[in-house]
Every structure is written in C-alpha cells, then in structure tokens.
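Tertiary structure, described
Each chain is listed here by its residues.
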2 protein chains.
Amino acid sequence: MAEPKQERAVRTREVILTAAAEIFDEFGYSGASISKIMTRANVTQGGMYFHFKSKRELAQAVLAHQQEFVAHPAEGFGLQGLVDLTFFTAHQLTGNVLFRASVRLAVEQGEFGPSDDTAYQEWVEQLYLHLRAAREQGELLSDVDEREFANVLVGAYTGTQVFSNIASAYADLPERLVSMWRYFLPAIATSQGRARVRLPSGTERFAA
Amino acid sequence: MAEPKQERAVRTREVILTAAAEIFDEFGYSGASISKIMTRANVTQGGMYFHFKSKRELAQAVLAHQQEFVAHPAEGFGLQGLVDLTFFTAHQLTGNVLFRASVRLAVEQGEFGPSDDTAYQEWVEQLYLHLRAAREQGELLSDVDEREFANVLVGAYTGTQVFSNIASAYADLPERLVSMWRYFLPAIATSQGRARVRLPSGTERFAA
C-alpha cells in the first residue's frame, strides 16, 4: 500500500534534517553545501526545495531543534535538575547528531550571518528556572543572583564542551563537568543543597 | 634608499599575517581563501608563496601567535596575576585582530583538520603556573587542585568569550568575567586571597 503523501513529506523532511545535521557536524556551516546534504539525504533537488530553500534555512531548522533537547531532560527542578541537565546534555552531544550539529552551529554561527544569541538566551532561561526552584528549596546561598549565575553557567558549559570536543571528541566531558561543578557548588549552594546533590550515577556526592 | 631585502621580507611576512588574521576573523577558516588574503595584503602570488604555501600554513602561523599574548601580560604571579590575565585577554580580544583570529581558529579548529588542543593546553600550563604561585602565597584553599582548576578555567573562559562575542561583539566581556570570578573565587581562594584580589580598575574588590 502506498504511503500517504503527507506522511511521506514529513518523513522526507526528517531525513533531510538528519542529513543536514550530519553534514554541518562534519564540515561546519561554511564547509557544508546544499548539494552535499542532498546527496547524503538521497533526495532530488525538487524534494529538497519543497522543504528547504537554502543552506541558511537548513541551519536555522537544525538550530531550532536544540530546544527540543533542552526542554524535557530534567526529571526534577532545582539544583539536582540543573546538574542533571548538564550531564544529560553531555550525553546528547555524543549520541545525538542533530543536537551536536546544533551546538556547533551555535558556537560558530558568526559563520552564517548576523550574530544571534537566541540559542544561548534560551539556555539561560532554562537554567534560570532551575535556579529559581533551587532558591525556593533553600539550596542556594543568599548572595547568588540566579540570572547572573545562569549566564555564567551557559558560558562555562559552552567552553567546557568546546575544549572537551577538541581534546577528546567529548570522551572526557563528564569528567570535565564533575570538575566544573566542584568549583561552582561551593559558591552557590547551601550545605543542605550540596549534601543533596548527586552525580547522575547516584554513587558519588559533590558535597565536601 | 632601498630597504634591505631581508627587512622587506620580514615586513611582508607581517603584512600577510595581519591580512590573514583579518580574513580568518571575518570569515572563519572555511570561509577564508588564500586569494582573499593575497588581495587584502596586496601581495603577489610569488610574495605569498615565498612565505606561506597554503591556507593551513597561514592558519597555523596565526594560531602560533596566540602564545605571544599569553606569555607576557601579567605583571605579577598568583591569584591577582590570574585575574589580570583574564581581563587582559578580554582587552586583546577587542583590540588585537591577530589574537582575536587565533582564538576563533582555536574554537573552530575542527574546521581545519585533525583536532589539536595545543592552544588550550598552553593556556592550561600558563594558568597552572599562576595557581602554583597563588598556592605558595597562601591564596588557595587546601582542596583546590591547581591543574584541575586550570582546566576548568580554560573551559569557562573559552565559552564566556564565545557567548560574549555572539551577544555583544565582546562589549560585555569584562562584565561577564566579573560575574565568572564572583562564582569561582569563593571555591578557590582563602579569605586572605580574596581580600587582596582587585579588579583591573583597582576600584572594586571581589572580596565578599
């Protein structure tokens, strides 16, 4: 039985997006081309242009997907949710090409036109919500400014993953995140908060 | 009087390097081309190939310059030297195109071949020396691992400048660095160390 037209279109769009992610992940924005993406996706020019008109449009669609992974990973809110989110994201960077490509595009997006920090601001917003919850749960020290620290953490995380990618293709990212938290938690968490926080494995604690 | 041949060659090399930095800074590695750089430097193909054989060689020369700026900025060693270095580097990012291009190449260097974290490791080494000095001066808390924190700081700094570049073309980088230090110092510095540390302006203190 033939696949209904609409379903086929949805599937084709996904195939193109995945192929675009693979190509952006490998070559960066400048090194990618719409013809490389067409070949990887095995679609015709007509099929491509039905969904995406330009390389820029493809990059924007890949970048827009970043929020899908940001929005639902944490099981709880607060300090533990914040820590979990950083490790969950590390996991996504190794296993999810769409997410990895979107992060590369965000870091290198000077490449594709006017600077746009939307992806960063959405992260700030997400981390801010965790920090607000942490505050309500008595996990934050009184002099922590939730919005300021959310900005600091987005910067620190961004560079930690860039460094880890270049040093080890992300193999050492979990270890680098443990180190990062070791030097942030004393500045932000109450002793109660620190005593509660666990590494994702559940076997270790950050508490001093 | 004609300029001696050797001096002229040295000058031409510098003109080419600066032009290469400008082009890498604007277009990234992939978007740059040796012909764009030749046009910017106003040199002939012969002049270019006398000094540099490929775009990759040019990028490596620009990247190698990064250490010139890392090596001599700090006036003192220890915690103050470490803090000063981060602000000095922020200043270099806005005013020094060779440095700015080298940082862009380091962040995006997946673009030009096999991953190479040399630039990052040189930073780690530099920061490590400051942290060792800070330790000797009684400025570090006992549970700080100097090498681990040097790695954390390189990651955090890298991402902070990426975020600042995209958000504000580096205009807000000093402010972001003040925030970053606000959340690192309590985790690494003794009260004695914190009381001593000053912002570059000399008018404010980080001490709580």
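Residues numbered from 1 in each chain as written. Chains lettered and ligands numbered in written order. Predicted model: local features only at pLDDT ≥ 70, side-chain atom pairs only at ≥ 80, totals over all residues.

1. As for the relation of the copies chain B and chain A
It takes a turn of 180° to lay chain B on chain A, together with a shift of 0.0 Å along the axis; the resulting RMSD is 0.0 Å. Here the transformation between the copies is reduced to the relation of a two-fold axis. Taken together, the interface assignments show that 100% of the residues at the interface of chain B recur at the interface of chain A, consistent with an identical surface on both copies. (Least-squares fit on C-alpha atoms with pLDDT ≥ 70 in both. Contact = placed C-beta atoms within 7 Å.)

2. Notes on the domain arrangement of chain A
Quoted interface sizes are often the accessible area lost when the parts come together. Residue and element names in this part refer to chain A. With domains assigned, chain A is organised as domain 1 (5-63) and domain 2 (66-196). In this structure, domain 1 and domain 2 have C-alpha centres spaced 28 Å apart. The interface is formed by 13 residues belonging to domain 1 together with 14 residues belonging to domain 2. Among the secondary structure elements, those contributing two or more residues to the side of domain 1 that touches domain 2 are α1 (5-31) and α4 (55-64). Among the elements that take part in the side of domain 1 that touches domain 2, α1 stands out by supplying 9 residues, more than any other. Split into classes, the residues belonging to the side of domain 1 that touches domain 2 amount to 7 nonpolar, 3 polar and 3 charged. (Domains from an automatic or database assignment. Helix = DSSP H or I, 4+ residues; strand = E, 2+ residues; numbered from the N terminus. Nonpolar A, V, L, I, M, F, W, Y, C, P; charged D, E, K, R; others polar.)

3. A closer look at the interface of chain B and chain A
Taken residue by residue, the interface counts 34 residues in chain B and 35 residues in chain A. Put simply, the parts of the chain that give the side of chain B that touches chain A at least two residues each are α1 (5-31), α9 (146-168) and α10 (173-188) of chain B. Here the element with the most residues in the side of chain B that touches chain A is α9(B); it accounts for 15 residues. Residues belonging to the side of chain B that touches chain A are distributed by class as follows: 17 nonpolar, 12 polar and 5 charged.

4. Some words on the environment of Ala119(B)
Residues and elements named next belong to chain B. Checked against the element boundaries, alanine 119 lands in helix α8 (residues 118-136). When the C-alpha atoms of alanine 119 and threonine 158 are compared, they prove to be 11 Å apart, with 39 residues separating the residues in sequence. When near neighbours in sequence (up to four residues on either side) are disregarded, alanine 119 contacts Leu63, Gln66 and Ala106.

5. Examining unusual backbone geometry
All names here are of chain A. The phi angle at asparagine 42 is positive, at roughly 55°, despite the residue not being glycine. Tracing the sequence through the fold places asparagine 42 in the loop between α2 (34-41) and α3 (45-51). Non-glycine residue tyrosine 170 carries a positive phi angle of around 75°. Within the secondary structure, tyrosine 170 sits in the loop between α9 (146-168) and α10 (173-188).

6. Topic: the packing of α9(A) against α10(B)
Packing of α9(A) against α10(B) leaves a shortest axis separation of 9 Å and a crossing angle of 95°. As judged from the angle between their axes, α9(A) and α10(B) are roughly perpendicular. Residues Glu148(A), Phe149(A), Asn151(A), Val152(A) and Gly155(A) of α9(A) form the contact with α10(B), whose participating residues are Arg176(B), Ser179(B), Met180(B) and Tyr183(B). A per-class count over the contact of α9(A) with α10(B) returns 4 nonpolar, 3 polar and 2 charged. (Axes fitted to C-alpha atoms, helices over the stretch in contact; angles between N-to-C directions. Parallel < 35°, antiparallel > 145°, perpendicular 65-115°, else oblique.)

7. Things to note about α1(B)
An ideal rise of 1.5 Å per residue puts 39 Å on 27 residues; α1(B) reaches only 33 Å between its terminal C-alpha atoms. A maximum bend of about 80° is found in α1(B) at Asp25(B). Taken as a whole, α1(B) has its buried residues at Ile16(B), Leu17(B), Ala19(B), Ala20(B), Ala21(B), Ile23(B), Phe24(B), Asp25(B), Gly28(B) and Tyr29(B). On its buried face, α1(B) sits against α1 of chain A together with α2 (34-41), α3 (45-51), α4 (55-64) and α7 (97-107) of chain B. (Expected span 1.5 Å × (residues − 1). Bend = angle between axes of the 7 residues up to and from the residue. Buried ≥ 20, exposed ≤ 12 C-beta atoms within 10 Å, placed from the backbone.)

8. Details of the packing of α8(B) against α9(B)
All names here are of chain B. At a minimum axis separation of 8 Å, α8 and α9 run at an interaxial angle of 130°. Comparing their axes, α9 and α8 come out oblique. Every pair of crossing elements has a handedness; the one defined by α8 and α9 is right-handed. Between α8 and α9, the residues in contact are Tyr120, Trp123, Val124, Leu127, Tyr128, Leu131, Arg132 and Arg135 and Glu146, Arg147, Phe149, Ala150, Asn151, Leu153 and Val154, respectively. Here the contact of α8 with α9 is built from residues that sort into 10 nonpolar, 1 polar and 4 charged. (Left-handed = near helix turned anticlockwise from the far one by under 90°.)

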